[in-house]
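Summary of structural features
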Amino acid sequence: MTVVAITPLGIVLVTVWHMLPAYLANTIASIVGGGAPIDYGRNWRDGRRILGDGKTWRGLVGGTLGGLLVGHFQITTGSSFFSGYVSWGSSPYLIFFLLAFGALVGDMAASFIKRRQGQERGAKSPLLDIYDFIIGALVLTGLFGGGWLEYWFFGGWPSHGWVPLITLVIATPILHRSVNILGYKLGVKQVPW
Ligand code: CTP
Ligand code: MG
């Protein structure tokens, strides 16, 4: 695919578009989550919960399927603006899965770390809460995405260098905060972070 010239705003939009399955997997998990916790109520060696009641199987499975559905809509009915700039590689659904599942794994890893630090479920942990799912999504696509991540985020995308990654670092807290406040107001999240 040849990539045509794109404005800075375009780079930001394309970057966020690429991350939508990851962003929304998290949101969908908050909506559909509940029921049996992934750790089944068990404790770690320190006597505290392994992950806590905020990480459930329904959230994990529902969020992953939800992220796949988001990707499906992106390639079937998504804006034609993006089709000239976006490529999901040869296995789009693999990338959607890695983005969505990776986001939720990152979120679980953050909960694990928070529990080890003695923080209860829902406690605020600014950096972890904001970047956990993005890091998870980048790690999984990096490991198993067959070069897709390098191409889009680490300088492969012609002439845009590290702009996409820097975009994520700046845009993620803003998006995260907005979506969480919305979720809190709609009653699907118990705390606005
Ligand atoms: N959720 C879920 N399963 C997941 C992830 C999230 O059920 N794998 C749901 C839970 O209802 C959770 C909500 O989404 O309360 C918000 O997610 P998050 O903020 O990550 O969880 P917290 O409740 O804040 O718990 P933690 O302190 O472990 O982050
Ligand atoms: Mg939380």
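The following refers to the structure shown. Here the residue numbers are simple positions, counted from 1 along each chain's written sequence. As they are written, the chains are lettered A onward and the ligands numbered 1 onward, keeping that order. Per-residue local features are limited, in this predicted model, to residues with pLDDT of at least 70; the limit for side-chain atom pairs, both in listing and counting, is 80 or more; totals at the level of whole chains, interfaces and linings are taken over all residues. Neither water nor hydrogens contribute to the side-chain values; these are computed over all heavy atoms in the structure.

Quick look at helix 7 (residues 163-186)
- What counts as a helix is a DSSP run of H or I of at least four residues, what counts as a strand is a run of E of at least two, and both are numbered from the N terminus. Take the number of residues in a helix, subtract one, and multiply by 1.5 Å to get its expected span. For helix 7, with 24 residues, the first-to-last C-alpha span of 34 Å sits near the 34 Å given by 1.5 Å per residue.
- Bend at a given residue is defined as the angle between two axes, one fitted to the seven residues that end at that position and one fitted to the seven that begin there. Helix geometry: helix 7 is bent most strongly at Ala171, by close to 35°, with proline Pro173 lying one to four residues after it.
- Exposure is judged per residue with a 1.4 Å probe applied to protein chains only, and the accessible area is read against the type maximum: over 50% gives exposed, under 20% gives buried, and values in between give partly exposed. Of the positions making up helix 7, those classed as buried are Pro164, Leu165, Thr167, Leu168, Ala171, Thr172, His176, Asn180 and Gly183.
- Contacts from the buried residues of helix 7 go to helix 1 (8-32), helix 5 (126-144) and helix 6 (148-153).
- Positive backbone phi, at 85°, marks Gly187, one or two positions downstream of helix 7. In this description, contact between two residues means that some pair of their heavy atoms is separated by no more than 4.5 Å.

Some remarks on the packing of helix 4 (residues 92-116) against helix 5
- The N-to-C vectors of helix 4 and helix 5 enclose an angle of 135°; their axes lie 6 Å apart at closest approach. Overall, the two elements helix 4 and helix 5 adopt an arrangement that is oblique. In terms of crossing hand, the pair formed by helix 4 and helix 5 is right-handed. Here Leu94, Ile95, Leu98, Leu99, Phe101, Gly102, Ala103, Gly106, Asp107, Ala110, Ile113 and Lys114 of helix 4 lie close against helix 5, whose contacting residues are Leu128, Asp129, Asp132, Phe133, Gly136, Ala137, Leu140, Thr141 and Phe144.
- Considered class by class, the residues forming the contact of helix 4 with helix 5 number 13 nonpolar, four polar and four charged. For helices, the axis comes from a line fit to the C-alpha atoms of the stretch in contact; other axes are also lines fit to C-alpha atoms, and the angle between any two N-to-C directions lies between 0 and 180 degrees. By definition in this entry, angles of less than 35 degrees are roughly parallel, angles greater than 145 are roughly antiparallel, angles of 65 to 115 are roughly perpendicular, and the rest are oblique. Put simply, a crossing is left-handed when the front helix is turned counterclockwise from the back one by less than a right angle, and right-handed when it is turned clockwise. Residues were grouped as follows: Ala, Val, Leu, Ile, Met, Phe, Trp, Tyr, Cys and Pro as nonpolar; Asp, Glu, Lys and Arg as charged; and all remaining residues, including Gly, as polar.

Topic: unusual backbone geometry
- Look at Tyr40: it is not a glycine, yet its phi comes out positive at around 50°.
- Residue placement: Tyr40 occurs in the loop between helix 1 and helix 2 (57-76).
- With a relative accessible area of 53%, Tyr40 lands in the exposed category.

Digging into the site of ligand 1
- Nearness here has a simple test: a residue counts as near a molecule or strand if at least one of its heavy atoms is within 4 Å of that partner. The full set close to ligand 1 counts 16 residues, and Lys55, Thr56, Ser111, Arg121 and Gly122 are the nearest of them.
- Pairs of N or O atoms within 3.5 Å make up the polar contacts considered here, provided that, within protein, one atom can donate a hydrogen while the other can accept it, and that residues adjacent in sequence are counted only when both atoms are side-chain atoms. The side chain of Asp107 places a nitrogen or oxygen atom 3.0 Å from an oxygen atom of ligand 1.
- Areas reported here follow the Shrake-Rupley algorithm with a probe of radius 1.4 Å; residue values treat only the protein chains shown as occluding. For ligand 1, whose free accessible area comes to 580 Å², the fraction covered by protein is 89%.
- For the shell around ligand 1, the secondary-structure elements that each account for two or more residues are helix 1, helix 2 and helix 4.
- With four residues, the single largest contributor to the shell around ligand 1 is helix 4.
- Here the shell around ligand 1 is composed, by residue class, of two nonpolar, eight polar and six charged.

A look at the environment of Gly33
- Checked against the element boundaries, Gly33 lands in the loop between helix 1 and helix 2.
- Discounting chain neighbours no more than four positions away, the residues touching Gly33 are Ile28, Thr56, Arg58 and Gly59.

A short note on the nonpolar core
- In this text, buried Ala, Val, Leu, Ile, Met, Phe, Trp, Tyr and Cys residues form a nonpolar core when linked through side-chain atoms within 4.5 Å. Ranked by internal contacts, the top residues of the largest apolar core, which has 28 residues, are Met19, Trp88, Leu99 and Trp148.
- Contributing elements (two or more residues each) for this core: helix 1, helix 4, helix 5, helix 6 and helix 7.
- With residues up to four places along the chain from it excluded, the contact list for Trp148 reads His18, Ser87, Trp88, Gly89, Ile95, Leu99, Thr141 and Phe153.
- Core analysis: the second largest hydrophobic core is formed by eight residues, Ala25, Ile38, Leu51 and Leu60 among them.

Points about the packing of helix 1 against helix 7
- Between helix 1 and helix 7, the shortest axis-to-axis distance is 10 Å and the interhelical angle comes to 45°. As far as their axial angle goes, helix 7 and helix 1 are oblique. Our pair here, helix 1 against helix 7, has a crossing hand that is right-handed. On the side of helix 1, the interface is formed by Ile11, Val12, Thr15, Val16, Met19, Tyr23 and Thr27, while helix 7 contributes Val163, Pro164, Thr167, Leu168, Ala171, Thr172, Leu175 and Val179.
- Taken together, the residues that form the contact of helix 1 with helix 7 break down as eleven nonpolar, four polar and no charged.

Concerning the layout of surface pockets
- Computed over the protein atoms alone on a 1 Å grid, cavities are sets of points where a 1.4 Å probe fits but cannot get out and pockets are open sets with protein on both sides within 12 Å along at least five of seven lines; a residue lines them when it has an atom within 4 Å of a point. Grid points are joined across faces, edges and corners, and a volume is the space filled by probe spheres set on the points. If you add up the space inside the largest pocket, you get close to 1,100 Å³.
- Sorting the residues of the lining of the largest pocket by element identifies helix 1, helix 2, helix 4, helix 5 and helix 7 as the ones contributing at least two each.
- The element contributing the most residues to the lining of the largest pocket is helix 1, with nine residues.
- Here the residues of the lining of the largest pocket are counted per class, giving 21 nonpolar, 14 polar and nine charged.

It is worth stressing that arrangement in space is one thing and function is another; only the former is reported here.
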